[in-house]
Structures are given as structure tokens and as C-alpha cells.
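An overview of the molecular structure
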Amino acid sequence: MKRRKFIKQTAAGVALASFGGFTFQSCETKQKHITILHTNDTHSQIEPFDESHHRYANKGGVARRAVLVEQVRKENPNTLLLDAGDIFQGTPYFNYFGGEIEFKLMSMLKYDLATLGNHDFDNSIDGFYKQLPNANFDFVSANYDFKNTVLDTHVKPYKIFYKDGIKIGVFGLGIELDGLVNKRMYKETKYLNPVEIAQDITKELKNQENCDLIICLSHLGYNYKDPDKISDLKLAAATKDIDLIIGGHTHTFLPKPTLVKNLNDENMLVNQVGAYGLNLGRVDFYFDENNNKTTSEKTIIL
Amino acid sequence: MIQKNYLVITNVIKTKCVLMKKIWILFFLTFLFISCENSSQQVIKITAKTTAINPEIQQDSTYIKKFLPYKNKMIEEISTILSYAPKNLERNDGKLQSTLGNLIADLSYEKANELFQKETGKTVDFSMSNYGGIRSGIYKGNVTVSNAFELMPFDNTLVVVELTSEKVEELFEYFVAENKANPLSKHVQFIIDDGNYTIKINGKPLNNNRTYFVATSNYLQKGGDEMNFFVNPESLYESNFLIRNAIEEYFKNKDTLVASLDQRVIIKD
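Just so we're clear, the structure is a prediction, and the values are computed from it rather than from any experiment.

Another aspect to go through is the overall build of chain B. From N to C terminus, chain B includes seven helices and 12 strands. Split into buried and exposed, the 269 residues of chain B put 44% on the buried side. Summarising the internal contacts of chain B: among those between residues at least 6 apart in sequence, 79% fall at separations of at least 24. Looking at chain B as shown, the accessible area adds up to about 14,900 Å², and 53% of this sits on carbon and sulfur atoms.

Here it is, written out as C-alpha cells:
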């Protein structure tokens, strides 16, 4: 490996000599690094839990999350902050202001992207739509068809980010709403098969968009006893080219991401960090140029 | 004039040359850029770390300043006085009924019936909710919005189920077996006499040739508290109206909250 790198650098050196002046260094040796920060199921938990709370006394709170996020951004400006849904419902802040303050604070925190959870329909799809002007970040969902709803064109299947020359594709997946949310609330929203949609979207992100990193923001839930119910673990095993699934819905607290073999028998990660903004998830991806690699070797340190 | 033209032409040539140079540099830079950016990047290492947001972490006061006005407005609204309670109302101050349970059952009936009639033109026969769903008492003094939240912190909504008379019988058997003050509305007269019981609904005995419309919460309808007789009704009407909002509305419309134990459940020894 070292020899290859040496040869390559020499070749670059020769190329340099003929043009003079320019340096390839920045492009050759700097290892690129993307940090993904994430939350899920924050459920309007704006303030820390009350000091009398039986489990989470004084824990959580947006003002603390902000300090952590800022620290990480200072450390690595190439950071994305993502949320896997269920931003709404859980404290009187939602009952009184319908999600306004949740979105405003998330905008202050400079969230980059989120997906919708079932509770985000609690004030109906119109209630969600009404709060959208308070969100300076986008929502993605690939398997909710919003064509005949107010959200048509406002929620895209995926979004692409460029950070330090790395192309990152992030798509969203939502849970089946029938039986979980009243139809009066989600109206003409159509739920599409998340596995099929994920397979199509990843193909597009990988082969047409040439993304270097593919992330799925999922509100499907981590895992279920019911073997027929789709979950993040099942989705991971049934797809390929997803590097990370950031999950929600089941309020599963994973001390570290779960390593899952995808359809190509390659390692990928599924993560979820409980609920109520009690934790901040972080996954760091380090990159190298593809052309001096023969196989997709990667080191995963969990 | 000629001189000028010449100048213009040389200028054009010069500009062209500079332009060509620029294009060339641009091309070269683009080449460099592409050679650098276009080769796809591959993940070689992944690390992960989840951080607990514990009390030790400092709070960014700009965020607190942002939500404080909302909090204050909320506190103000939540402490709005809606009504007055001349005496304590609790869920456990009677035998298989309670003053607070009766109040909740009756106001739930009124709201559910109002919504159901508007939608279907039909009348609800009675309501039943659950003892466990009443999370707090109402104590002598001012009654505020906060009381409604404490009473009903869950976002349960009113539903109306159509039950066969067999299912209604199951409901009363459950009531006896549970031996709890599960709130029933005043439309029921339930006489329990040493293990036997008689039921009257709106003054009439249970009729096996008809169905009954019963108001309850969406939580119980889904089988909460094992009220399985609600799970597969003949028909289901979902109002989507929060029980808490029904409570708040009722408080708003009453100067004084009056509720008493009455004849809806009679236990003969």
C-alpha cells in the first residue's frame, strides 16, 4: 500500500514538473472526514426533565444539546445534524404552540435535515404544514407519497449535501400510518413499501448521483417481535449501499450503533439514540480516494 | 480613427490572448479539480460515539432566552382560572362510582353525543371510561387549565362504538369483576345485589334485539385496560376530539363544579 502511494506521488511529481508551480498535496494526502450528529423522537422536550422526574431528572434539554453540537462543529466543520422524526408531541409546548418553538429551536441549532415521524401528524398534515415556515431545514421522505396533500413538493425523497468535496445523499423513510394515526390526520398521504423505495433510491443515489456516502433517516423502528413488520434491521439486510440508518420510533437506546450485514454481505450501521433529546448520536466517516484501493476495506471502531 | 481602430483590435487580440490563457488555466484547474474531486471517495474508517446530555453539560443561554417567552405565555395560560370547586372531587370517594368519575363520564357523554349526533344523527346511549385514566383529583378552590392537564395528561380522544347487547353485557360483567369505580354516565342504572345485577339503560332493561352506542376513549377502544368488548365493535366513530379539551371546555362553561354520588350504581347488601 505504501509503495503504491509512493508511486502515485512520484507520478504526480512528474506531472507537476512540466507545469510547475502547482501542488497536488491538498488533493493527495488530506484524509476527508465527515461527522454525522443525530437525534430522534425528541417529542417537544425543549427543557431538561424536571428535577422530580423518576428516570430522567434534570437530563436533556435543547440548550445543552446546542453546546455539544457547537463543540463538534468547531472540531469538524464538515458536520451534518439530522433528526429521524417525532419532533412533535410530549410536552405542553406542543399542545400550546403546535410545534412552532420546536422548529425554531431546531433551526437555531442549524439542523440540516429531518424526516417525519407518526407524531408529526398529530395536528394533522395541515398542522405540520403550518409550522414549516419556522423550519430553516428540510424534511425528506421517500415512501410517503404526498402528491394529493398540502405537503406536495415541500417534502422531497432525498437531499444531497456536499461537505469537503464529499457527496452525501440522505433519504427519509416513514412508518405505516394506517392504524397508528387517524386518517383524518394524514389525509391523502400514501405509504409506499419502504424496502422497494429504499432499493430504488439507493440505486439512484449510488449510480446516478454518485454519492460517496448514503444515509437513511428512518422512522420505521429498530426491531419488532412480529417477523413481518419492517424495521431498520430488516431494511438494512434487504438493501445495499446504505452506509448508515439513523432510526427512530421505538425509542431504542443503543449505546453504540449495531453492525449489520447488508444484501451484499457488507458491513453497515444502524443507530438510534433513545428519545426526548436525552442523547446525541455521533458517527464519523473517514474517506480516502477510491483509485488506490482494490477492495472495500474499512475499519469500523465501535 | 485608424489609430483608434488599431488600438481596439490589439486590445481585442490582447483580451483574446488573456482570455485564452484564462481558459487554459481554468481548463487546467478544472482538470486538477476533477482529478481530485471526481475520483469517488471511499469510506475507510468509521467511529461512533453517543453522548448522554447530562446535567453537567453547560446550557447555552441564547436558547433559553428563545423559549422563555413561550414558557411564560404557557404558564400564564395554564394558570387561567376556568371554574371553582366548592369541595374536593376525587376518583375514590364512593363505592364503584366517584364524584370525579361521574363528572368525567357525564361530560364525556355530552361532548361525544354532540359530535356523534352532528355526524350521524344518532344518539349515544351511555359512556364508560376508566378509573386509571383519571390522573389527579380536583381540590376545593379555583380550577385552572392546569387541572385539566393534570386530570388527563394523555392525548386520548373521544370515540363512539356500536356494541351488540352481548358486548354490553360483557362490559357490565367486566365492571363487576374489576370492582373498580370505572366511570359510567348517568344514563346507566346498575343495581348490584349480592353478586347478581340488573341493568337499566335510559330507564329500560337491556334489549337483546338492538345495538347500543357507547362513548369511550380511543385508548380503551384499542383494548386498553383489557376492555376487550370495545375492540371489535359493530361500528366505530372516531371524533378525534381530545378528552382533555372536552374537560377544559366543560370547566369553562361552569362557574362552579358540582358533582355528586347518585343512583347510577347501587350496591345492595
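To continue, consider the pattern of salt bridges. Evaluation of the coordinates by the stated rule reveals 16 salt bridges over all chains. Within the structure, one salt-bridge network assembled from shared partners comprises Glu75, Arg282 and Asp284 of chain A.

All names here are of chain A. Reading across the sheet, the six strands line up as β7-β8-β10-β11-β13-β12 and stay open at both edges, with mixed pairing between neighbours. At either margin of the open sheet sits one strand with a lone partner, and together these are β7 (158-163) and β12 (258-261). Here the strands of the sheet are splayed against their neighbours by 25° on average, with no regard to which way each runs. In this sheet, strand β13 (residues 267-271) lies alongside strand β11 (residues 244-246) in parallel orientation, the contact comprising three bridges. Opposite Leu244, over in β13, you have Leu269 as the bridge partner. Packing against the sheet, helix α8 (residues 194-208) makes contact with β7, β8 (166-173) and β10 (213-218), and its axis sits at approximately 165° to β8.

If you look at the interface, chain B gives 49 residues, while chain A gives 73 residues. Surface buried jointly by chain B and chain A totals about 5,500 Å² across both partners, of which 61% is contributed by carbon and sulfur atoms. When the buried surface of chain B facing chain A is broken down by residue, Gln41, Ile46 and Ile53 of chain B rank first, second and third, together holding 15% of it. Our count for the chain B to chain A interface comes out at one salt bridge. Put simply, Lys71 of chain B and Glu47 of chain A hold a salt bridge, and the shortest N to O gap is 2.8 Å. Inspection of the chain B/chain A interface yields 23 residue pairs in polar contact (both at pLDDT 80 or more).

Residue and element names in this part refer to chain B. Bridge count between strand β7 (residues 188-193) and strand β8 (residues 196-201): six bridges; the pairing is antiparallel. Paired with Gln189 across the strands is Lys200, a residue of β8. Remark: two residues form the turn of the hairpin made by β7 and β8, two consecutive strands paired antiparallel; Asp194 in that turn has positive phi of roughly 50°. Bridge count for β8 against strand β9 (residues 204-205) is two bridges, and the pairing is antiparallel. Bridging from a neighbouring strand, Lys200 pairs with Pro205 of β9. The antiparallel hairpin formed by β8 and β9 contains two residues in its connecting segment, where Asn202 sits at a positive phi of about 50°.

Before going further, it helps to spend a moment on the packing of helix α5 (residues 100-108) of chain A against helix α2 (residues 61-78) of chain B. α2 of chain B packs onto α5 of chain A with a crossing angle of 165° between their chain directions and a minimal axis gap of 11 Å. With respect to α2 of chain B, the element α5 of chain A is oriented roughly antiparallel. Of the two elements, α5 of chain A crosses α2 of chain B, and the hand of that crossing is right-handed. Where α5 of chain A abuts α2 of chain B, its residues Glu100, Ile101, Lys104, Leu105 and Met108 of chain A lie against Thr62, Tyr63, Lys66, Phe67 and Tyr70 of chain B. Each residue belonging to the contact of α5 of chain A with α2 of chain B can be placed in one class, and the counts come to six nonpolar, one polar and three charged.

Attention now moves to the pairing of strand β6 (residues 157-164) of chain B. Residue and element names in this part refer to chain B. Burial analysis of β6 places eight of its eight residues in the buried class, the great majority of the element. Of the two faces of β6, the one lined by Thr157, Val159, Val161 and Leu163 and the one lined by Leu158, Val160, Glu162 and Thr164 are each fully buried. Of the pairings in the sheet, the one linking β6 to strand β11 (residues 235-242) comprises five bridges and is antiparallel in character. Considered in β11, the bridge of Glu162 is made with Ser235.

Here we take up the nonpolar core. Ranked by internal contacts, the top residues of the largest apolar core, which has 47 residues, are Phe103, Leu116, Phe121 and Phe139 of chain A. Secondary structure elements with two or more residues in this core: α3 (62-75), α4 (92-97), α5, α6 (124-131) and α7 (183-186) of chain A together with α2 of chain B. The element that contributes the greatest number of residues to this core is α3 of chain A, accounting for seven residues. Once residues lying within four places of it in the same chain are set aside, the contact partners of Phe139 of chain A are Ile87, Phe103, Leu113, Ala114, Thr115, Leu116, Phe128, Leu132, His154, Val155 and Lys156 of chain A. Residues Leu82, Ala85, Leu158 and Phe251 of chain B belong to the second largest nonpolar core, which totals 32 residues.

All right, on to the packing of aromatic side chains then. Note on aromatic pairs: each is described by the distance of the centres and the angle between the planes. All told, the structure shown has 26 aromatic pairs over all chains when counted by the stated rule. Aromatic pair Phe175 of chain B and Phe190 of chain B: ring centres 5.4 Å apart, planes at 75°, arrangement edge-to-face. Here the residue Phe175 of chain B occupies a position in helix α5 (residues 165-178), and Phe190 of chain B occupies one in strand β7, the gap between them amounting to 15 residues. Each member of the pair, Phe175 of chain B as well as Phe190 of chain B, is classed as buried. Members of the aromatic cluster, connected to one another through ring pairs, are Phe88, Phe94, Phe103, Tyr111, Phe128, Phe137 and Phe139 of chain A. One residue, Lys229 of chain A, lies across the ring of Tyr224 of chain A, its end atom 4.8 Å from the ring centre. It is Lys45 of chain B that lies over the ring of Tyr286 of chain A; its NZ or CZ is 4.6 Å from the centre.

Moving on, we come to the sheet that holds β11 of chain B. Residue and element names in this part refer to chain B. Spatially, four strands are ordered β4-β10-β6-β11 in an open sheet, and the strand pairing comes out mixed. Two strands close off the open sheet at either side, each with one partner strand: β4 (126-127) and β11. Where α5 meets the sheet, its contacts fall on β4, β6 and β10 (211-217), and the angle it forms with β6 comes to roughly 120°. Helix α7 (residues 243-253) contacts β6, β10 and β11 of the sheet and is inclined by roughly 60° relative to β11.

Looking now at the packing of helix α3 (residues 99-120) of chain B against α7 of chain B. Residue and element names in this part refer to chain B. Where α3 contacts α7, the axes come no closer than 10 Å and their chain directions differ by 100°. One way to sum up the angle between α3 and α7 is to call them roughly perpendicular. Residues Leu103, Ile104, Leu107, Ser108 and Lys111 of α3 lie in contact with α7, whose contacting residues are Ile243, Ala246, Ile247, Glu249, Tyr250 and Phe251. Across the contact of α3 with α7, the residue classes tally to eight nonpolar, one polar and two charged.

Rules behind the numbers
- Residues numbered from 1 in each chain as written.
- Chains lettered and ligands numbered in written order.
- Predicted model: local features only at pLDDT ≥ 70, side-chain atom pairs only at ≥ 80, totals over all residues.
- Heavy atoms only, no water.
- Helix = DSSP H or I, 4+ residues; strand = E, 2+ residues; numbered from the N terminus.
- Buried < 20%, exposed > 50% of the residue type's maximum accessible area, 1.4 Å probe, protein only.
- Contact = heavy atoms within 4.5 Å.
- Areas by Shrake-Rupley, 256 points an atom, 1.4 Å probe, with all protein chains shown as cover.
- Salt bridge = Lys/Arg side-chain N within 4 Å of Asp/Glu carboxyl O.
- Pairing = 2+ DSSP bridges.
- Axes fitted to C-alpha atoms, helices over the stretch in contact; angles between N-to-C directions.
- Buried area = accessible area lost by both parts, 1.4 Å probe.
- Polar contact = N/O pair within 3.5 Å; in protein donor to acceptor, adjacent residues only side chain to side chain.
- Parallel < 35°, antiparallel > 145°, perpendicular 65-115°, else oblique.
- Left-handed = near helix turned anticlockwise from the far one by under 90°.
- Nonpolar A, V, L, I, M, F, W, Y, C, P; charged D, E, K, R; others polar.
- Core = buried A, V, L, I, M, F, W, Y, C linked by side-chain atoms within 4.5 Å.
- Phe/Tyr/Trp six-rings, centres within 6.5 Å; stacked < 30°, edge-to-face > 60°.
- Lys NZ or Arg CZ within 6 Å of the ring centre and 35° of its normal.

That's the geometry; what it means functionally is another story.
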